[in-house]
Structure formats: structure tokens, C-alpha cells
Amino acid sequence: MIAFPLFVTLRLLSVPLVQTWFVPDEYWQATEIAHHMAFGYGYRTWEWHEGIRGALYPLLIAAVYKLLAIIRLDYPFFLIHLPRTIHALVFALGDYQAWQLCQKLYGRPSASWAIVCIASSWFLEYCSPRTLTSCVEMTLLLAAFCRYPWRGQSGTSSASYLWLVGLACSVRPTAAIPFVPLFIQHLYLTPSKMRLMFSTLVIVAVTAVFTVYVDSWYYGQWVLVPWKFAEFNVMSGLASHYGTQPWHWYLTQGLPATLTTHLIPLILAIVSHPARHKDLLSVCGFSVLVYSFLGHKEFRFLLPLLPLCMIVAGDYMAFQLAARHKRFGHSSSLRWGLVALLVLPNLVMFLYFGLVHQRAPLDVLAALREELPPPPARTQILFLTPCHSTPYYSHLHRKIPMRFLTCEPNLKHQENYTDEADLFEMDPMAWLHHEYGEDLQSTPEYYKPIPSFIVLFDVLRTRIKGFLTHNHFRLCHDLFNSHVDDGRRSKRLLIFCR
């Protein structure tokens, strides 16, 4: 039983060690929505007006926020770190389920090496405290994998594992994809096909009613979120507004970057023992195939598959070490060499990406909390960063006017459509003059008030220098962001005050 305490300790360590920005959805589809639910103010992105996001997940975070408010501990520190701590613990439960699955499929020696693989994965540790729906999806699916009738149990008609799959689909509809080949296999092998189909229909119906009820209650009207989600991400093609990658991206970039040195035993297992791992490999292969057909791809979408890859890699190493032991005897140096191969590169990557790379988006909110005058002072903040580049009200927890550059897709199918962030990038000074006027003393009534703080990446500083100088802004914080420029996101993030 050392596995669970190890995973809990490891994931709790990630809470203070992960201090960087990863993707916008960690906040804008989770804690920002929860903050709006719990406290009645905040910002809801366009998805929450169009009804393509399920309300269940942010409702759970909102319940945590509401509890903090009731006991009068709704300070930014707790609002930020309590959901992250809960997430880390839930993630540890997923790790434990992966260990159990490996033990069930391959035995205890393989499960021991699966622990090494899972615990040494930089990407799993990097994601474990993050409030991403993909993390919850991963944990629920791992619990479902553990309850799936593998191998000799395929004759059973029990579909209890589908309750967990259904719950995962309530959080993120793509959770159904990995279980498509498994359910087909289960249906093919079971002698009680009608019973399995009936159980499945009941589970699907109950899950659908529950999901529709929760989402319709939140949106105030009947809404079928999975359908709207599929319509936007698959049928409309509008998801490409946030970037597209080639069909081979998961094979050439996604898996190599997230698996790193674990990719070596995984490939060797696929090449040398495909029959031994056909069950898990079919799940991974089918899922990657489906994901590859979608234009918009992200590293985090692979999260439900990575523990399965770690299980296969761990079993391969255990299998090879056992075979070597029979031929040459025990070799502790080889074992420690393998552990070093897995741990050291991943430790370096985790520390760099967890503590260094893209840390300014979080640091900037901490700096703003220090700079803001106490209420009821009138303060406004303007973020001239690419859209959703920082957290928002969930990290500030002050009911003050804030604005950022939006980037909604072309929902109305307008010709020559350009979102606000791109319009600003074309001519920043023209946009600022249009929104805020050229002179503070002669600003017409329809111009917006000049903000108290402006947040921008340093690549933009020279382009709006005239506006900053004219309105008496001074540089009050210069924050490190990364060692490399990434388009509109550059090496430093600045706060200008007035």
C-alpha cells in the first residue's frame, strides 16, 4: 500500500512547485466561472453564453468558494490554492487507479515499475494541481478502466464501469472516445448482449438526464451541451480559430514532448510485445487516431492516455528485467540506471516548466493585488496581452472594472471577420485612441476612462509608448516570463501604473 501515500505526497508537492502558466482553460473554463457562480461577479467567456461548456465541474469549484465565503476565509490565497490542492489529491487517486490497473493486467512486479514511470513523469506532475477538466476526465476514466472486464472477465454483462464514463462525459464529452473500442469488444464477447445493451441504455439515459438538468439549470434554458460541444469542435470548424496542427502532431510532437524518456520503453513494448499489450494499445491508438482528425490539438488532450502508456512502459521494463535476471542474475546497477534515465530528465523538465517558464501571468496578479489601493478607491485594469493570457477575478478577488482583449471566433459567420485582439495588434495606437481618446482633458463622453494599470508584454512597449507617456504612466513592475519569445508573448511582462 505504499503506492497511494507516495502518489499523495508527490502530487501535494506539485501545489507549491507549479507556479507557472500552461493553458487558458485552467482558469477561464474553471475557476473564473466558479468565481462568477459563487460571488456574482467575474467574467464568463463566450462559450458560457453559447452553451458549449458543462456546468458541473465549475459548480464543484464554486461550492468550495462558497464554503470559504461562509467561514470568511475567501482570501485570494485560499481561493487560488485550495482548488489546486483538491485537484492534486484527486489526481493522486487517478495515479492509484492506474497502479491498480497495471497490477490487475500484468501483476505486481510490473505495477512497481508503473509506479516509477507515473511518479517520474514531468507532465503528469506538471498538470496534477491544475484545474483542468482533462485532469478530472483522466481520473474518472482510470477508475472506469479498473472496473472494465478485461481478458478473462469479458463474459460478464456488467456495465458498471460506464457510470464513471458517463460522469466523465458530463465533465468533458471527449471522455467517451477511449471507451469506444472497449465497449465494442465487451459487447462482442459477452454472451448476454441484450442485458448489456439494456444496462448501457439505462446508464446513458440517466447520465444524459442528469447532465441536461444541471446544465439547463445553470443556463436558465434547456440545453444539450455535448451536442453543442461537438457542433463547435467538429462540425462547424470554428475551433480552428484557436490554432490548427497537422494530422501527425500527436505522434511527432504531442506524445514525444509529454512522454520524453518514457517513450523509449513504450516503443520497445509496441515493437517487441504487441500482443501482450494489445488491449491498452488499442485504446491509445484509437484515441490518438480520433484526436488526429480534429484540427485543434493540445498536449493536455493526451492526459487520459498517458497513464496507460506508462503502464505499458512499466510492464516492458519489468518483463525485460525478469528475463535478464533468469539469464544473468540480479543486476541492481541496470535497475538504477533505468530509474535515472526516467527520473533525471523529467525532474529537470518539471522544475523548469513548473518554476520558470511562463511564470509572469501568475506573478502579475500577485503584483496587482499588492498595488491595488483599498476599497472604495476607483481602480481599473487593462490587459493588453493576447486574450486569456492571465488569470482574472479568481486571482484578484476584487470587484473592480477590468478589461482584456477578446478573441471570440466568428460565431455569426461575418465576412472578413477580425477579433478584437487581432484588431489591436494591427494598430495598437489607433485602437487605444478609438477606445480612450487622444487627450485626457478633452475626452468625449463615449470614451472609456483611462485605466489605473495597464498590463502588457514588453514586445508591445515601444508600439504604445506615446499613449503611455501622454497619460503619465510609469513602469511599476517588470516581471520575468520566459527565456524565449513566443509570438505576442515575450520574455517579460510589464505593469504600468498611473
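Cut-offs applied
Positions within a chain are numbered from 1, following the residues in the order the chain's sequence is written. Given that this is a predicted model, residues contribute local features only at a pLDDT of at least 70 and side-chain atom pairs are listed and counted only at 80 or more, while totals for whole chains, interfaces and linings are drawn from all residues. Excluding hydrogens and water, the side-chain figures rest on all heavy atoms present in the structure. Helix and strand definitions follow DSSP, with helices as H or I runs of at least four residues and strands as E runs of at least two, each counted in order from the N terminus. Here the radius of gyration uses the C-alpha set of atoms, whereas the globule reference equals 2.2 Å times the residue count to the power 0.38. Each residue's exposure class comes from its accessible area (1.4 Å probe, protein chains only) as a fraction of the maximum for that residue type: buried when under 20%, exposed when over 50%, partly exposed otherwise. Contacts are assigned to residue pairs that have any heavy atoms within 4.5 Å of one another. To be clear on the numbers: accessible area is Shrake-Rupley with a 1.4 Å probe, and residue cover counts the displayed protein chains and nothing else. Think of it this way: Lys and Arg go in the positive column, Asp and Glu in the negative one, and His and the chain ends go nowhere. By convention, the point assigned to a charge is CZ for Arg, NZ for Lys, CD for Glu and CG for Asp. Salt bridge, as used here, is a side-chain nitrogen of Lys or Arg placed within 4 Å of a carboxyl oxygen of Asp or Glu. In this description, the term disulfide denotes a pair of cysteine sulfurs within 2.5 Å. Residue types Ala, Val, Leu, Ile, Met, Phe, Trp, Tyr and Cys, when buried and joined through side-chain atoms within 4.5 Å, form a set referred to as a nonpolar core. Between the rings of Phe, Tyr and Trp (Trp by its six-membered ring), a pair exists once the centres lie within 6.5 Å; its type follows the angle of the planes, with under 30 degrees stacked, over 60 edge-to-face, and the other angles tilted. Lysine NZ or arginine CZ positioned within 6 Å of the ring centre and within 35 degrees of the ring normal marks a charge as sitting over the ring. Within a predicted model, pLDDT stands for the predictor's per-residue confidence, ranging from 0 to 100. Only strands that DSSP links by at least two bridges are regarded as paired with each other. Only C-alpha atoms enter the line fits that serve as axes; for helices the fit covers just the stretch in contact. Angles between N-to-C directions range over 0 to 180 degrees. Given a helix with a known number of residues, its expected span is that number minus one, times 1.5 Å. Only residues above 30% relative accessible area that lack a salt bridge enter a patch, with like-charged residues linked at up to 9 Å and the nonpolar side chains Val, Leu, Ile, Met, Phe, Trp and Tyr linked at up to 5 Å.

A separate point is the overall build of the protein. Scanning the protein for helices and strands turns up 22 helices and 5 strands. Relative to the 2.2 N^0.38 estimate, which gives 23 Å for 498 residues, the radius of gyration of the protein is 25 Å and therefore close to what a compact globule would have. The dimensions of the protein, computed from C-alpha atoms along their principal axes, are 85 × 55 × 50 Å. Looking at the protein as a whole, 53% of its 498 residues qualify as buried. Counted over contacts in the protein with a minimum sequence separation of 6, partners at least 24 positions apart contribute 75%. By element, 64% of the accessible surface of the protein is carried by carbon and sulfur atoms, the whole surface being about 22700 Å². Positive and negative side-chain charges of the protein, numbering 40 and 32 respectively, have mean locations separated by a distance of 12 Å.

Counted under the stated rule, the structure contains 16 salt bridges. Arg359 is the salt-bridge partner of Asp363, the closest N and O atoms lying 2.7 Å from each other. Residue classification places Asp363 among the partly exposed positions, given a relative accessible area of 24%. Connected via shared salt-bridge partners are Asp25, Glu47, Arg53, Glu298 and Arg300.

As a further point, take the state of the cysteines. Following the criterion strictly, the structure yields 2 disulfides and no others. A sulfur-sulfur distance of 1.8 Å marks the disulfide that ties Cys387 to Cys407. Looking down the S-S bond of the Cys387 and Cys407 bridge, the torsion is 80°, so its handedness is right-handed. With Cys387 in the loop between β1 (381-383) and α19 (393-396) and Cys407 in the loop between β2 (402-404) and α20 (420-426), the pair connects residues that are 20 residues apart, well separated along the chain. Residue classification places Cys387 among the buried positions, given a relative accessible area of 15%. Between the sulfur atoms of Cys476 and its disulfide mate Cys497 the distance is 1.8 Å.

Looking now at the nonpolar core. Across soluble globular proteins, you tend to see nonpolar side chains buried next to one another. Counting 93 residues, the largest nonpolar core has Leu101, Phe145, Phe179, Leu280 and Leu308 as its most contacted members. Top contributing element to this core by residue count: helix α16 (residues 306-328), with 11 residues. Every residue in contact with Phe145, bar those within four places of it in the chain, is listed here: Leu101, Trp150, Pro178, Phe179, Leu182, Val283 and Leu308. Counting 47 residues, the second-largest nonpolar core is a separate cluster that includes Phe383, Tyr393, Phe424 and Val455.

With that out of the way, let us pick up the environment of Tyr57. Residue position: Tyr57 is located in helix α4 (residues 56-70). Leaving out residues up to four positions away in the same chain, Tyr57 has contacts with Gln29, Ala30, His87, Thr131, Leu132, Thr133, Val136 and Val171.

A separate point is the packing of aromatic side chains. For the structure on display, the rule yields 37 aromatic pairs. Considering the side-chain rings of Trp122 and Tyr126, the 5.4 Å spacing of their centres and the 45° angle between planes classify their relative orientation as tilted. One end of the pair, Trp122, and the other, Tyr126, are both in helix α7 (residues 122-127), 4 residues apart, so they sit about a helical turn from each other. Neither residue differs from the other here; Trp122 and Tyr126 are each classed as buried. Between Phe383 and Tyr392 the ring centres are 5.6 Å apart and the planes differ by 55°, which places this aromatic pair in the tilted class. Put simply, the rings of Trp28, Tyr41, Tyr43, Phe383, Tyr392, Tyr393 and Phe404 touch in pairs and so form one group of aromatic residues. In this arrangement the basic side chain of Arg130 is found over the ring face of Tyr126, its NZ or CZ atom lying 4.2 Å from the centre. Arg498 extends its terminal NZ or CZ atom over the ring of Phe473, reaching a point 5.6 Å from the ring centre.

Our next topic: the confidence of the model for the protein. Segments scoring low in pLDDT should not have their predicted coordinates read at a detailed level. Mean pLDDT over the protein works out to 92, with 95% of the residues at or above the 70 mark. Mean pLDDT values over the elements of the protein span from 79, in helix α12 (residues 225-235), up to 98, in α7.

With that out of the way, let us pick up the sheet that holds β1. What the 5 strands build is an open sheet, ordered β2-β1-β3-β5-β4; its pairing is mixed. At either margin of the open sheet sits one strand with a lone partner, and together these are β2 and β4 (474-480). Pairwise comparison of adjacent strand axes, ignoring direction, gives a mean angle of 15° for this sheet. Relative to β2, β1 runs parallel, the two being bridged by 3 bridges. Paired with Leu382 across the strands is Arg403, a residue of β2.

Bringing the environment of Leu56 into the picture now. Take Leu56: it is sitting in helix α4. The buried category is assigned to Leu56, whose relative accessible area is 15%. Considering only alpha carbons, one finds Leu56 and Phe210, 154 residues apart in sequence, at a separation of 9.9 Å. For Leu56, the contacting residues outside a window of four places in its chain are Leu167, Ser170, Val171, Phe210, Val214 and Asp215.

Further remarks concern helix α9 (residues 161-171). Within α9, 8 of the 11 residues are buried, which leaves the element mostly enclosed by the surrounding structure. Taken as a whole, α9 has its buried residues at Tyr161, Leu162, Leu164, Val165, Gly166, Ala168, Ser170 and Val171. Here the buried face of α9 lies against α4, α8 (133-147), α10 (180-189) and α11 (193-219).

This paragraph deals with helix α15 (residues 278-293). Between its first and last C-alpha, α15 extends 22 Å over 16 residues, near the 22 Å set by a 1.5 Å rise per residue. Buried residues belonging to α15 abut α5 (76-106), α8, α10, α13 (249-259), α14 (263-272) and α16.

Taken together, the side chains of Leu67, Ile70, Ile71, Leu73, Tyr75, Phe77 and Phe78 define a hydrophobic patch exposed on the protein surface, amounting to about 710 Å² of accessible area. Elements with a minimum of two residues in the nonpolar patch: α4 and α5. Tracing the sequence through the fold places Tyr75 in the loop between α4 and α5. Exposure remark for Tyr75: the relative accessible area of 47% places this residue in the partly exposed category.

Take the side chain of Thr200 next. Inspection of the secondary structure puts Thr200 in helix α11. Other than its neighbours up to four places away in sequence, Thr200 contacts Ala159, Leu162 and Phe183.

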